Every structure is written in structure tokens, then in C-alpha cells.
Amino acid sequence: MIQNPLIFLGYDFGINALISSILAGLSCSLIGSYVVLRKMSFAGAGLSHVAFAGVAFGFLLGISPILSAFLFSVLASFVLWYFQTKKGLHFDTTMGIIFATSMALAVIFLSLSKTYGAAVLSYLFGSPLAVEKVDITVLALVSVTVLIFYILFWREIYLISFSEEIAKASGYNVELITLIMSFLVASVVTLSLKSVGALLVFSLLVIPSASAYKLAKSYFQYILYSVMFGLLSGALGMLISFSLDAPSGATITLVSFLLFLLTNLKSQ
């Protein structure tokens, strides 16, 4: 049965869910524009599973799952950056190692903690109806941080996205910028877990920017369209999930995929 999605907006949990999905769409698509151009799409999948290992560790120790997930993700992003920039190991290789290791840790932590219930599954598939105001505040702060960083270091990010060699030749501190961007990717992925879930958060990192890539005529348009598609995916996906009583993370992903198909049809 199809329901009126506006009914849910009469309750705090409905408003919180909608706001969190919009913020997740904004932050993921903005940082995702960098991820797609750098051909680092696997980073979303890898870091989301690293974050889930952190969630499992949090349940094992009885501490905040989001806090432990954040620490795991930041540590993994540093390890990824170190082996890529200092040791010359290819990104896909390092990410593959981290991905496999984090999944093994998640299984061990869950086994030791004897936790397999809805609380854990909510971080896998998303549980926006359980989002609280503090979660929205933190997600808003990281979204603003990503936006400000893009504004302040627009040219550096632009050059690094297309060619690190040109950026280095221009005198920019490429290693520092890429390290900060790695931390921002990890932060966005972790703080979007409640809204979208570990299994689907990487879709918001990749699909909106992939949709924008075909339409944009300039780098600025590419960023603008990426954010626009991310916002649409988050807002429409959440409203449709309200209407159909469907899982929010999966619905947001499907809406994002449909927008991708439409943009590709239009660009042909």
C-alpha cells in the first residue's frame, strides 16, 4: 500500500531521517566527485566495511559504535595514504588488503561480542528512523567542513584530481592535500552509516558523480551536478521509502541509479 510520505514529516523521527539523508547525499556526492576523478571508487566500498569493523569493535567493548567506526576509518585512510604515497603500492592493492582484513575483523568482533541483532544490521543497511539530533549535527558539521575545504583549496583539488604531477610542479603540497581528502572521505563514509548503511553508502559516493560526469561541460558544473544528484537521491529516496515502507538505503541507491540511467540516455 502506498502511503503519503508527508505524514512522516509530522514526526521528529521523519524529519530527522529526511535531513540526515539529504546531508548524506550532499557530503557523499561532494567528496565523491574527487573519488570518481581519482579512480578511487573502491575506496567507498572498502572504507564502509572498515567502518563496519569499527562498529563491531564498538559493540564488543560497549562503547559508541560510531566513534569506534570513525577511528577505524581514519586509521585505515592513513594506512591507505601511506602505502600509496610513501611505498608506491597501487591504490587497488592496498584497498583490497584493507577490505579483506576489515571484514575478517568484523566477523571476529561480532563472534566475540555475540551481537547479531537489529542494532548491528542497522549499521549495515541503514536506519535513518533511529537518527537523533546529535547525529544530524555531526553530519552537518562534516558536510560544512568538506564544503569549506573545497572552497579554500579548489585549485589544488582540481589539479590533483586530474594530475598529481602538474599539481606538484605548480608547487602545491600534494601529499598533505591527499591525506586530508582521505580523512574527509573516511569521515563522510562513517557518519553516513546510520542514514544509508555500510553496504550502500559507497553508492552515494560514486553514482551521483558518475551521473554528473556525462552532463558537465566544466569542472565547476561537474561538482554542481554531482551535489545536485546527491541531494535528489537522498531526498527522493527517503520520501519514496516512506511512501512504500521500503528500506531507505536501498531506495536511495535505486533512485540514484535511475538518475544515472536518465543522464546517460540524455547525453547520448
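What counts as what
- Residues numbered from 1 in each chain as written.
- Predicted model: local features only at pLDDT ≥ 70, side-chain atom pairs only at ≥ 80, totals over all residues.
- Heavy atoms only, no water.
- Helix = DSSP H or I, 4+ residues; strand = E, 2+ residues; numbered from the N terminus.
- Rg over C-alpha atoms; globule rule 2.2 N^0.38 Å.
- Contact = heavy atoms within 4.5 Å.
- Areas by Shrake-Rupley, 256 points an atom, 1.4 Å probe, with all protein chains shown as cover.
- Lys, Arg positive; Asp, Glu negative; His and termini not counted.
- Charge placed at Lys NZ, Arg CZ, Asp CG, Glu CD.
- pLDDT = per-residue confidence, 0-100.
- Salt bridge = Lys/Arg side-chain N within 4 Å of Asp/Glu carboxyl O.
- Buried < 20%, exposed > 50% of the residue type's maximum accessible area, 1.4 Å probe, protein only.
- Phe/Tyr/Trp six-rings, centres within 6.5 Å; stacked < 30°, edge-to-face > 60°.
- UniProt positions renumbered as here; feature names shortened; annotations may be inferred.
- Core = buried A, V, L, I, M, F, W, Y, C linked by side-chain atoms within 4.5 Å.

Novice: I would appreciate a short explanation of the overall build of the protein chain in the present structure.
Specialist: The secondary structure content of the protein chain amounts to 13 helices and 0 strands. Going from N to C terminus, the protein chain has its helices and strands arranged as α-α-α-α-α-α-α-α-α-α-α-α-α. Relative to the compact-globule value of 18 Å for 268 residues, the protein chain shows a C-alpha radius of gyration of 18 Å, a close match. Overall size of the protein chain, expressed as C-alpha extent along the three principal axes, is 55 × 50 × 30 Å. Looking at the protein chain alone, contacts between residues at least 24 apart form 75% of all its contacts between residues at least 6 apart. In the structure as shown, the protein chain presents an accessible area of about 12,500 Å², 72% of it carried by carbon and sulfur atoms. A distance of 8 Å separates the average location of the 12 positive side-chain charges in the protein chain from that of its 9 negative side-chain charges.

Novice: So what exactly am I meant to see when it comes to the confidence of the model for the protein chain here?
Specialist: For any part of a model where pLDDT is low, the fine detail of the predicted coordinates should not be relied upon. Per-chain confidence: the protein chain averages 85 in pLDDT, with 97% of residues scoring 70 or above. Confidence, expressed as mean pLDDT per element, reaches its minimum in the protein chain at helix H5 (residues 118-125) with 71 and its maximum at helix H12 (residues 219-244) with 91.

Novice: Even after reading the chapter, I still don't get the pattern of salt bridges, so can you show me in this structure?
Specialist: Pairing is possible between side chains of opposite charge, provided their charged atoms come close. Taken as a whole and judged by the stated rule, the model has 1 salt bridge. The partner of glutamate 164 in a salt bridge is arginine 38, and the shortest N-O contact between them spans 2.5 Å. Residue glutamate 164 is located in helix H8 (residues 164-169), and its partner arginine 38 is located in the loop between helix H1 (12-37) and helix H2 (42-61); the two are separated by 126 residues in the primary sequence. Residue classification places glutamate 164 among the partly exposed positions, given a relative accessible area of 23%. Judged by relative accessible area, arginine 38 falls into the buried class, the value being 18%.

Novice: I tried to follow the packing of aromatic side chains on my own but got confused; where do I start?
Specialist: Each aromatic ring pair is specified by the distance between its two centres and by the angle formed by the two planes. Under the definition given, this model contains 16 aromatic pairs. Ring centres of tyrosine 158 and phenylalanine 162 lie 5.4 Å apart, and the angle between their planes is 65°; on these two criteria the pair is classed as edge-to-face. You can see tyrosine 158 and its partner phenylalanine 162 sitting in helix H7 (residues 154-162), 4 residues apart, about one turn around the helix. For phenylalanine 162, a relative accessible area of 53% puts it in the exposed group. Each ring, one from tyrosine 219 and one from tyrosine 222, has its centre 6.3 Å from the other, and the planes form 35°; the classification is tilted. You can see tyrosine 219 and its partner tyrosine 222 sitting in helix H12, 3 residues apart, about one turn around the helix. Classification of tyrosine 219 by relative accessible area gives buried; the value is 9%. Assessed through its relative accessible area of 4%, tyrosine 222 is described here as buried. Taken together, the ring pairs in this structure connect Trp154, Tyr158, Phe162, Tyr213, Tyr219, Phe220 and Tyr222 into an aromatic cluster.

Novice: Would you mind showing me how to read the UniProt feature "transmembrane region" (unreviewed entry) in the protein chain here?
Specialist: As annotated by UniProt and renumbered to match this structure, "transmembrane region" (unreviewed entry) occupies residues 13-35, 66-83, 95-116, 136-153, 174-193, 199-216, 223-242 and 248-265. The span residues 136-153 is 94% helix and 0% strand, and its two end C-alpha atoms sit 26 Å from each other. For residues 223-242, the helix share is 100%, the strand share is 0%, and the end-to-end C-alpha distance is 29 Å.

Novice: What is the right way to read H7 from this model?
Specialist: For an α-helix, the turn length of 3.6 residues means that residues three or four places apart are oriented alike. Where H7 is concerned, the buried positions are Glu156, Ile157, Leu159, Ile160 and Ser161. Of the surrounding elements, those touching the buried residues of H7 are H1, helix H6 (133-152), H8, helix H9 (174-191) and H12.

Novice: What's the story with the nonpolar core in this structure? I'm lost.
Specialist: Side chains of a nonpolar character, in soluble globular proteins, are inclined to be buried together. Ile31, Tyr34, Phe52, Tyr150, Ile157, Met181 and Tyr222 are the most contacted members of the largest nonpolar core, which has 73 residues in total. Counting residues per element, this core draws most heavily on H1, which supplies 11 residues. In this view, phenylalanine 52 contacts Ala106, Leu110, Val120, Tyr123, Leu124 and Ala198; residues no more than four positions away in its chain are not counted.

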